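Tertiary structure, described
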Amino acid sequence: GAVVSQHPSWVICKSGTSVKIECRSLDFQATTMFWYRQFPKQSLMLMATSNEGSKATYEQGVEKDKFLINHASLTLSTLTVTSAHPEDSSFYICSARPTGENRSGYTFGSGTRLTVV
Amino acid sequence: AQSVAQPEDQVNVAEGNPLTVKCTYSVSGNPYLFWYVQYPNRGLQFLLKYITGDNLVKGSYGFEAEFNKSQTSFHLKKPSALVSDSALYFCAVREWGNTPLVFGKGTRLSVIA
């Protein structure tokens, strides 16, 4: 089945530094990937839609200059949290599905727990 | 815009008893409905989906869900709960095409031995 690998699974960084999170589709190609953010005991909120070879589409209220998304290939999307602050601490999850399989569900990465100190 | 409601924050059930986790949805076109389960500090695991066809959908780990168009519901069920079923369950909906999933707020299931 479709597998999505997300790395790292957890990271601690200092305020003001940047952190890059990778999302890879291991056995399929994904034109589109989605990035979600989850606060403790809350639901997943869509942050942005990552499109291969073009700019990401951000949801309202998400700062595109803080959360940089790059989707340079059909199997890799990256989310970079720039100049991180403690309020950016959260659980970030990516998802994808094989290109063209419109009837499929999405496969999720295992998530990244970001703690900014 | 599509939306999902999970009216219960928490569901408690005794091991061996049947369980139901409720979900209602709102979508302009035909709904594509999903259930996912999340364990602590983990990503989401796919349980089952409804795209078209039979209203009763069977999924992983003995779970099933019934699509009810008139009530716009997609409740998750299992005939006999296990302690290992204790987790956070999310109902989600999307429309046709490369559209993202919209999630409910989640329901925490606790199965007591």
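Data block above holds the structure.
Reading the values: rules and limits
- Residues numbered from 1 in each chain as written.
- Chains lettered and ligands numbered in written order.
- Predicted model: local features only at pLDDT ≥ 70, side-chain atom pairs only at ≥ 80, totals over all residues.
- Heavy atoms only, no water.
- Disulfide = S-S within 2.5 Å.
- Helix = DSSP H or I, 4+ residues; strand = E, 2+ residues; numbered from the N terminus.
- Buried < 20%, exposed > 50% of the residue type's maximum accessible area, 1.4 Å probe, protein only.
- Polar contact = N/O pair within 3.5 Å; in protein donor to acceptor, adjacent residues only side chain to side chain.
- Contact = heavy atoms within 4.5 Å.
- Buried area = accessible area lost by both parts, 1.4 Å probe.
- Salt bridge = Lys/Arg side-chain N within 4 Å of Asp/Glu carboxyl O.

**Topic: the state of the cysteines**
Per the counting criterion, the structure on display carries two disulfides over all chains. Here A:Cys23 pairs with A:Cys94 through a disulfide, and the sulfurs are 2.0 Å apart. Taking the sign of the torsion about the S-S bond as the criterion, the disulfide between A:Cys23 and A:Cys94, at about 85 degrees, is right-handed. In this pair, A:Cys23 sits in strand β3 (residues 19–25) while A:Cys94 sits in strand β9 (residues 90–96), placing the two residues 71 residues apart along the sequence. Classification of A:Cys23 by relative accessible area gives buried; the value is 0%. Disulfide partner of B:Cys23: B:Cys91, at an S-S distance of 2.0 Å.

**Structural notes on the side chain of A:Asn51**
Residues and elements named next belong to chain A. By the secondary structure assignment, Asn 51 is in strand β5 (residues 44–51). Within the structure, the side chain of Asn 51 is placed 3.4 Å from the backbone oxygen of Lys 55, a separation counted as a polar contact. What Asn 51 contacts, discounting residues up to four positions off in sequence, is Thr 31, Thr 32, Ala 56, Thr 57 and His 71.

**Description of the interface of chain B and chain A**
Counting from both sides, the interface comprises 22 residues of chain B and, opposite them, 20 residues of chain A. Taken together, the two surfaces of chain B and chain A that pack against each other cover about 1800 Å², and 53% of this comes from carbon and sulfur. For the pair chain B and chain A, the number of links is zero salt bridges. Applying the counting rule to chain B against chain A returns six residue pairs in polar contact (both at pLDDT 80 or more). Breaking the side of chain B that touches chain A down by element, the ones donating at least two residues are β5 (32–38), β6 (44–50) and β10 (87–94) of chain B.

**Here we look at unusual backbone geometry**
Going from A:His7 to A:Pro8, the amide bond is cis rather than trans, its omega being 0 degrees. Note on placement: A:Pro8 falls in the loop between β1 (4–7) and β2 (10–13).

**Focus: the environment of A:Gly105**
Within the element layout of this structure, A:Gly105 appears in the loop between β9 and β10 (107–108). For A:Gly105, a relative accessible area of 16% translates into the label buried. Considered as a pair, A:Gly105 and A:Tyr58 are 47 residues apart in the sequence and their alpha carbons are 21 Å apart. The residues contacting A:Gly105, other than those within four sequence positions of it, are A:Arg97, B:Phe34, B:Tyr36 and B:Lys49.

**Re the pattern of salt bridges**
This model, assessed by the stated rule, comprises five salt bridges over all chains. Between A:Arg24 and A:Glu22 there is a salt bridge whose closest N-O contact spans 3.5 Å. By relative accessible area, A:Arg24 is classed as partly exposed at 35%. For A:Glu22, a relative accessible area of 23% gives the class partly exposed. Across the pair B:Asp9 and B:Lys105 runs a salt bridge, and its minimum N-O distance is 2.8 Å.

No statement about biological role is implied by the geometric values presented.
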